[in-house]
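Structural overview
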Amino acid sequence: MEQTQHKVSAVEAIAQVRAMFNRNRVAVIYNKQGDETKRVICFAAGMEERDMKFKFERFNQIQRAAIHRVIKRLAPAIKEMAGYSLTEFNK
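Overview of the structure.

Parameters and conventions
- Counting of residues starts from 1 at the beginning of each chain's written sequence and follows it residue by residue.
- Where totals are concerned, whole chains, interfaces and linings use all residues; where local detail is concerned, this predicted model gives features only for residues with pLDDT of at least 70, and gives and counts side-chain atom pairs only at 80 or more.
- Only heavy atoms go into the side-chain values, all of them from the structure, while hydrogens and water stay out.
- Think of a salt bridge as a Lys or Arg side-chain nitrogen and an Asp or Glu carboxyl oxygen that are within 4 Å of each other.
- Secondary structure elements are defined from DSSP: runs of H or I of at least 4 residues count as helices, runs of E of at least 2 residues count as strands, and each element is numbered from the N terminus.
- Summary of the burial criterion: residues with accessible area below 20% of their type's maximum are buried, those above 50% are exposed, and those between are partly exposed, where the area comes from a 1.4 Å probe applied to protein chains only.
- Patches draw on residues past 30% relative accessible area with no salt bridge. Two like charges within 9 Å are joined, as are two nonpolar side chains (Val, Leu, Ile, Met, Phe, Trp, Tyr) within 5 Å.
- To be clear on the numbers: accessible area is Shrake-Rupley with a 1.4 Å probe, and residue cover counts the displayed protein chains and nothing else.
- Directions pointing from the helix axis toward each C-beta atom define the arc.
- Throughout, a contact is declared for two residues whenever any of their heavy atoms are within 4.5 Å.
- Pairs of N or O atoms are called polar contacts if they sit within 3.5 Å, as long as, within protein, a hydrogen donor faces a hydrogen acceptor (for residues adjacent in sequence, only side-chain-to-side-chain pairs).
- Lining residues are those with an atom within 4 Å of a point, where the points come from a 1 Å grid over the protein atoms alone and group into cavities, where a 1.4 Å probe fits but cannot get out, or pockets, open sets with protein on both sides within 12 Å along at least five of seven lines.
- Grid points are joined across faces, edges and corners, and a volume is the space filled by probe spheres set on the points.
- Any residue outside Ala, Val, Leu, Ile, Met, Phe, Trp, Tyr, Cys, Pro, Asp, Glu, Lys and Arg is labelled polar, Gly included; the first ten of those are nonpolar and the last four are charged.
- Nine residue types can take part in a nonpolar core, namely buried Ala, Val, Leu, Ile, Met, Phe, Trp, Tyr and Cys, and a core is a set of them joined through side-chain atoms within 4.5 Å.

The tally for this structure, following the rule as stated, stands at 3 salt bridges. Here R39 and E36 are joined by a salt bridge, their closest N and O atoms 2.7 Å apart. Remark: E36 and R39 occur in helix α3 (residues 35–44); sequence separation between them is 3 residues, near one turn of the helix. Ionic pairing is found between E88 and K91, a salt bridge with its closest N-O pair at 3.3 Å. For E88, a relative accessible area of 37% corresponds to the partly exposed category. For K91, a relative accessible area of 76% corresponds to the exposed category.

Here we come to a nonpolar patch on the surface. The grouping of M81, Y84, L86 and F89 at the surface amounts to a nonpolar patch, some 470 Å² of accessible area in total. Counting through the fold element by element, L86 comes out in helix α5 (residues 86–89).

A few words on helix α2 (residues 25–32). For α2, every residue scored as buried is listed here: A27, Y30 and N31. Relative to the axis of α2, the buried residues are bounded by an arc of 95° and lie together on one face. Looking at α2, the residues exposed on the side facing more than 90 degrees away from the buried face are R25 and K32. Looking at the packing, one finds that the buried side of α2 touches α3. One side-chain oxygen of the residue at the start of α2 lies 2.9 Å from the amide nitrogen of V26, identifying that residue as N24.

On to the layout of surface pockets, then. In this structure, the largest pocket occupies an estimated 330 Å³ of space. What lines the largest pocket is simply V26, I29, Y30, Q33, T37, I41, F56, R64, I67, H68, I71 and K72. Every element with two or more residues in the lining of the largest pocket is listed here: α2, α3 and α4 (61–82). The element that contributes the greatest number of residues to the lining of the largest pocket is α4, accounting for 5 residues. Tallied by class, the residues present in the lining of the largest pocket amount to 7 nonpolar, 3 polar and 2 charged.

What follows deals with the nonpolar core. Within the largest apolar cluster, 13 residues are counted, with the highest numbers of intra-cluster contacts made by Y30, C42, A45, M47, F56, F59 and I67. Secondary-structure elements contributing two or more residues to this core are α2, α3 and α4. Of the residues forming this core, the biggest block, 3 residues, is contributed by α4. When neighbours within four sequence positions are excluded, I67 is seen to be in contact with I41, A45, M47, F56 and F59.

Laid out in structure tokens, this is it:
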């Protein structure tokens, strides 16, 4: 029985490694979020409801900038309040 191996040329291997390192890290994180989180982010960014179902790669530069602004604006407040229990919220 003869085994065939797929040999990748050096050029192809380099291209694959570059593609791995050039992946948009924000897109990876955003795309892993649940629908509700994406909906909240997009709503806060003033985007249309139809856009809320998109993967990050489908957003244009204006949409990405809006998402960036919203996250930067909300992150400190969310981080600060995240440590409190529901009891604290209900006082």
